[in-house]
Amino acid sequence: MKRVLSIQDISCVGKCSLTVALPIISAAGIETSILPTAVLSTHTMFKNFTFRDLTDDIPAITEHWLAEKITFDGIATGYLGSFRQIELVEKIFENFTRDGVLRFVDPAMGDNGKLYVGFDEAFARRMGQLCGKADIIVPNLTEAAFMLGEKFMESGYSAGDIRALLKRLCELGCPVAVLTGVSPEAGKCGAMAYDSRTDTYCEYYSERLPVSFHGTGDVFSSACFAALMHGQKLETALKTAVEFTVDSIRKTISYEGHNDYGVDFESAIPLLLKLLAE
């Protein structure tokens, strides 16, 4: 069984970050180790949440792993809350990377043309440096624009715009870039990827649903990482991640009085397993 490491925060209530990554990647039949960067009482959609920063615990944890000769087949990162955490992740990449280890970065730091509270353009540029050390990155359009120092296009992105962004993202240093939440065609939404090693693109789109939920980016990135670790090629992994995310949303809105703080990805797990078997 493959073993991977997921590095991001954990919210005790709410569906995002580790509370999404751990069950989804585990359901794919992959041993999932975690490195929490912070503990929150709820995710940030709620008011008055508690927050405990675990940055100072990370070095001792990773030193113990090195002493125990623990290895990973893949390392995935999500929301990182500080410059120091980015530095520590880079050190983890150095210490735990060997031939065949997949370094997967979701630079979770913004959406809808704005960075999350607490982040600025300097942080976005620093995140771009981390992305340059990854094998594959999965930013959304907002994150891509800020990492590249470009203005976010409120009017929307054409397929040509997306391809140009993907090429520029790979110039950061990563061989493969994926842009998530792209919608070059009305009524459709999905992801497009570029592999700089072969100068090829691939994409996959599904129905664009007229709703928005916290944590769907984490659902996509977790499923995409799991699919790649499961052995799927990039194009197939995009299909798996997009369809799983959309089905999670469909199941959520099918319930009268559903919550609005996360999607019902748990009920969509059977589809994930079916897609992984294709």
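Along each chain, the written sequence defines residue order, and numbers are assigned to residues from 1. With pLDDT at 70 or above as the cut-off, local features in this predicted model cover only qualifying residues; side-chain atom pairs require 80 or more to be listed or tallied, and sums for whole chains, interfaces and linings still use all residues. Just so you know, side-chain values use all the structure's heavy atoms and leave hydrogens and water out.

Draft legend 1. The arrangement of the packing of helix H1 (residues 18–27) against helix H7 (residues 216–229) in detail. Running from N to C, H1 and H7 point in directions that differ by 30°, and their axes come no closer than 9 Å. With respect to H7, the axis of H1 lies roughly parallel. The hand of the H1/H7 crossing is right-handed. Contacts between H1 and H7 involve Val-20, Ala-21, Ile-24 and Ile-25 from the first element and Asp-218, Val-219, Ser-222, Ala-223, Phe-225 and Ala-226 from the second. For the contact of H1 with H7, the per-class residue count stands at eight nonpolar, one polar and one charged. All axes are obtained by fitting lines to C-alpha atoms, using only the stretch in contact for helices, and the reported angles, taken between N-to-C directions, cover 0 to 180 degrees. Helix and strand assignments come from DSSP, with helices taken as H or I runs of at least 4 residues and strands as E runs of at least 2, each series counted from the N terminus. For this classification, under 35 degrees means roughly parallel, over 145 means roughly antiparallel, 65 to 115 means roughly perpendicular, and everything else is oblique. Here a crossing is called left-handed whenever its near helix is offset anticlockwise from the far helix by less than a right angle, and right-handed whenever the offset is clockwise. Note on contacts: a residue pair qualifies if any of its non-hydrogen atoms lie within 4.5 Å across the two residues. Lys, Arg, Asp and Glu make up the charged group, whereas Ala, Val, Leu, Ile, Met, Phe, Trp, Tyr, Cys and Pro make up the nonpolar group; the residues left over, Gly among them, are polar.

Draft legend 2. Spotlight on the environment of Ala-177. Secondary-structure assignment places Ala-177 in strand S9 (residues 176–182). Only protein chains enter the accessibility calculation, which uses a 1.4 Å probe; a residue is then buried when its area is under 20% of its type maximum, exposed when over 50%, and partly exposed in between. In this structure Ala-177 comes out as buried when scored by relative accessible area, which is 0%. Ignoring sequence-local partners within four residues, the contact set of Ala-177 consists of Ile-137, Leu-166, Leu-169, Cys-170, Met-192, Ala-193 and Tyr-194.

Draft legend 3. Local environment of empty space enclosed by the protein. Cavity and pocket criteria rest on a 1 Å grid covering protein atoms alone: a 1.4 Å probe that fits but cannot get out defines a cavity, protein on both sides within 12 Å along at least 5 of 7 lines defines an open pocket, and an atom within 4 Å of a point defines a lining residue. Grid points are joined across faces, edges and corners, and a volume is the space filled by probe spheres set on the points. Going through the model one piece at a time under the given rule, you end up with two cavities of 30 Å³ or more. Considered as a void within the structure, the largest cavity measures approximately 90 Å³ in volume. Contributing to the lining of the largest cavity are 14 residues, with Gln-8, Ala-21, Ala-76, Ser-221 and Ser-222 lying nearest its centre. Of all the elements in the fold, those that place two or more residues in the lining of the largest cavity are strand S1 (3–13), H1, strand S4 (74–77) and H7. Ranked by residue count, the leading element in the lining of the largest cavity is H7, at four residues. Considered class by class, the residues forming the lining of the largest cavity number five nonpolar, seven polar and two charged. Empty space within the second largest cavity amounts to approximately 30 Å³. Taken together, Ile-7, Leu-35, Thr-37, Ile-58, Leu-80, Gln-85, Leu-88, Val-89 and Ile-92 make up the lining of the second largest cavity. Mapped by element, the contributors of at least two residues to the lining of the second largest cavity are strand S2 (31–42) and helix H3 (83–96). With four residues, the top contributor of residues to the lining of the second largest cavity is H3.

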